[in-house]
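# A structural walkthrough
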Amino acid sequence: MATVKILGIAGSLRKGSFNRMALKAAQDLVPAGASLEIAELPDLPGFNQDNEKIPPAAVTELKAKIRAADAILLVTPEYNYSVPGVFKNAIDWVSRPYGDSAWKGKPVAIMGASAGVLGTARAQYHLRQTLVFLDMPTVNQPEVMIGGAASKFDQAGNLTDDMAKKLIGQLLTNLSDLAKRNGAGSR
Ligand SMILES: Cc1cc2nc3c(=O)[nH]c(=O)nc-3n(C[C@H](O)[C@H](O)[C@H](O)COP(=O)(O)O)c2cc1C
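Overview of the structure. Being a predicted model, the structure only gives us computed values, none of them experimental.

## Description of the nonpolar core
Nonpolar side chains in soluble globular proteins tend to be buried together. Counting residues in each nonpolar core, the largest one holds 30 residues, and the members touching the most others are Ile6, Leu73, Met111 and Ile168. Among the elements of the structure, strand 1 (4-10), helix 1 (18-27), strand 2 (34-38), strand 3 (71-75), strand 4 (108-113), strand 5 (144-146) and helix 5 (162-181) are those that each provide at least two residues to this core. Looking at this core element by element, the count peaks at 7 residues for helix 5. Residues Ile9, Leu41, Phe87 and Ala90 belong to the second largest nonpolar core, which totals 25 residues.

## Thoughts on the pattern of salt bridges
Considering all chains together, one arrives at 7 salt bridges under this definition. With a closest N to O distance of 2.9 Å, Arg67 and Asp100 form a salt bridge. Taken together, the residues Arg67 in helix 2 (residues 57-68) and Asp100 in the loop between helix 3 (85-94) and strand 4 connect sequence positions 33 residues apart. On the basis of relative accessible area, Arg67 is assigned to the partly exposed category, the value being 40%. Its salt-bridge partner being Lys104, residue Asp135 comes within 2.8 Å of it at the nearest N-O pair. With Asp135 in the loop between helix 4 (121-133) and strand 5 and Lys104 in the loop between helix 3 and strand 4, this pair connects stretches of sequence that are 31 residues apart. A relative accessible area of 56% means that Lys104 is categorised as exposed. By sharing partners, the salt bridges in this structure join Lys63, Arg67 and Asp100 into a single network.

## Focus: the site of the ligand
Surrounding the ligand, one finds 13 residues, the nearest of these being Ser12, Arg14, Ser17, Asn19 and Asn80. For the ligand, an oxygen atom lies 2.7 Å from a polar atom in the side chain of Asn19. Within the backbone of Tyr81, an N or O atom sits 2.8 Å from an oxygen atom of the ligand. Protein contact buries 73% of the 620 Å² of open area that the ligand shows by itself. Split by residue class, the shell around the ligand holds 5 nonpolar, 6 polar and 2 charged.

## Points about helix 4
When the terminal C-alpha atoms of helix 4 are compared, their 19 Å separation across 13 residues agrees well with the 18 Å that a helix rising 1.5 Å per residue should span. When we look at burial in helix 4, the residues that qualify are Ala121, Ala123, Gln124, Leu127, Arg128, Thr130 and Leu131. Buried residues along helix 4 sit in contact with strand 3, helix 3, strand 4 and strand 5. Among the residues trailing helix 4, Asp135 stands out with phi positive, at a value near 60 degrees.

## Notes on the pairing of strand 1
Look at any regular strand and the pattern is simple: side chains alternate between the two faces of the sheet. Most of strand 1 is tucked away, with 6 of its 7 residues classed as buried. Handedness of the strand 1-helix 1-strand 2 crossover: right-handed. As paired strands, strand 1 and strand 3 are joined by 5 bridges and run parallel to one another. Note on strand 3: the bridge partner recorded for Ala10 is Val75.

## Details of the packing of aromatic side chains
Overall, the coordinates contain 2 aromatic pairs when judged by the stated rule. An angle of 25 degrees between the planes, with centres 5.6 Å apart, marks the rings of Phe18 and Phe153 as stacked. Of the two residues, Phe18 is situated in helix 1 and Phe153 in the loop between strand 5 and helix 5; the sequence distance between them amounts to 135 residues. One Lys or Arg, Arg122, reaches over the ring of Tyr81 and ends 3.7 Å from the middle of that ring.

## Re the pairing of strand 4
Counted residue by residue, strand 4 has 6 buried out of 6 residues, so it is predominantly covered. Across the two faces of strand 4 the burial is the same, with Val108, Ile110 and Gly112 and Ala109, Met111 and Ala113 all buried. Taken together, the 4 bridges between strand 3 and strand 4 define a ladder with parallel strand orientation. Bridging across to strand 4, Val75 finds its partner in Met111. Handedness of the crossover is the feature at issue here: the chain leaves strand 3, passes through helix 3, returns alongside strand 4, and the resulting connection is right-handed. Bridge analysis of strand 4 against strand 5 gives 3 bridges, and the strand direction is parallel. Looking at strand 5, one finds that Met111 is bridged to Val144. With helix 4 bridging strand 4 and its parallel neighbour strand 5, the resulting β-α-β unit is right-handed.

Basis of the calculations
Residues numbered from 1 in each chain as written. Predicted model: local features only at pLDDT ≥ 70, side-chain atom pairs only at ≥ 80, totals over all residues. Heavy atoms only, no water. Core = buried A, V, L, I, M, F, W, Y, C linked by side-chain atoms within 4.5 Å. Buried < 20%, exposed > 50% of the residue type's maximum accessible area, 1.4 Å probe, protein only. Helix = DSSP H or I, 4+ residues; strand = E, 2+ residues; numbered from the N terminus. Salt bridge = Lys/Arg side-chain N within 4 Å of Asp/Glu carboxyl O. Near = heavy atom within 4 Å. Polar contact = N/O pair within 3.5 Å; in protein donor to acceptor, adjacent residues only side chain to side chain. Areas by Shrake-Rupley, 256 points an atom, 1.4 Å probe, with all protein chains shown as cover. Nonpolar A, V, L, I, M, F, W, Y, C, P; charged D, E, K, R; others polar. Expected span 1.5 Å × (residues − 1). Contact = heavy atoms within 4.5 Å. Right-handed = clockwise from strand over helix to strand, strands pointing away. Pairing = 2+ DSSP bridges. Phe/Tyr/Trp six-rings, centres within 6.5 Å; stacked < 30°, edge-to-face > 60°. Lys NZ or Arg CZ within 6 Å of the ring centre and 35° of its normal.

Pasting the structure below:
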């Protein structure tokens, strides 16, 4: 029986997304006593604060899933050295209205896959900054940056890089431990 429920979200809408493949690979790497459910990134309208109290149904559903989870795994692509707009947009929707953010206090870990050799390093540091404002306890290490993503997955979408698998397993162990320190399993 899993005591730590992790919810994973990959920040790409693309059918053949390497980041979604990495998130799927993570499901086989969770430590004992934890589970990893995947929430698809919703294709949302651009956030408009005028409408924050009447969000799309997909935002309400995503907020409920986040609230039901003990911990969050965010898997970010890198667009122009930053977090893709669609991912940041979803993060913004979930953070509002003020005082009703579903992110607040949730333990979180981040990872990412990109075409470039730095493997989303720059995007991850932008995301990490956002998580400070969202008040989410964040796993610092290991950093999981899957560069040259096209050569790290096979035709069926399986992660083939042993070092990446090892690091993802360690990241999930550290996230699970952080969630337990935050009360997961004792509620
Ligand atoms: C608008 C755009 C900007 C991009 N900028 C970067 C970048 O800054 N660094 C990088 O490594 N790859 C960049 N890429 C390539 C992405 O890493 C690549 O498209 C990757 O597959 C996206 O993630 P996904 O497979 O999960 O959709 C960019 C791609 C797009 C479409």
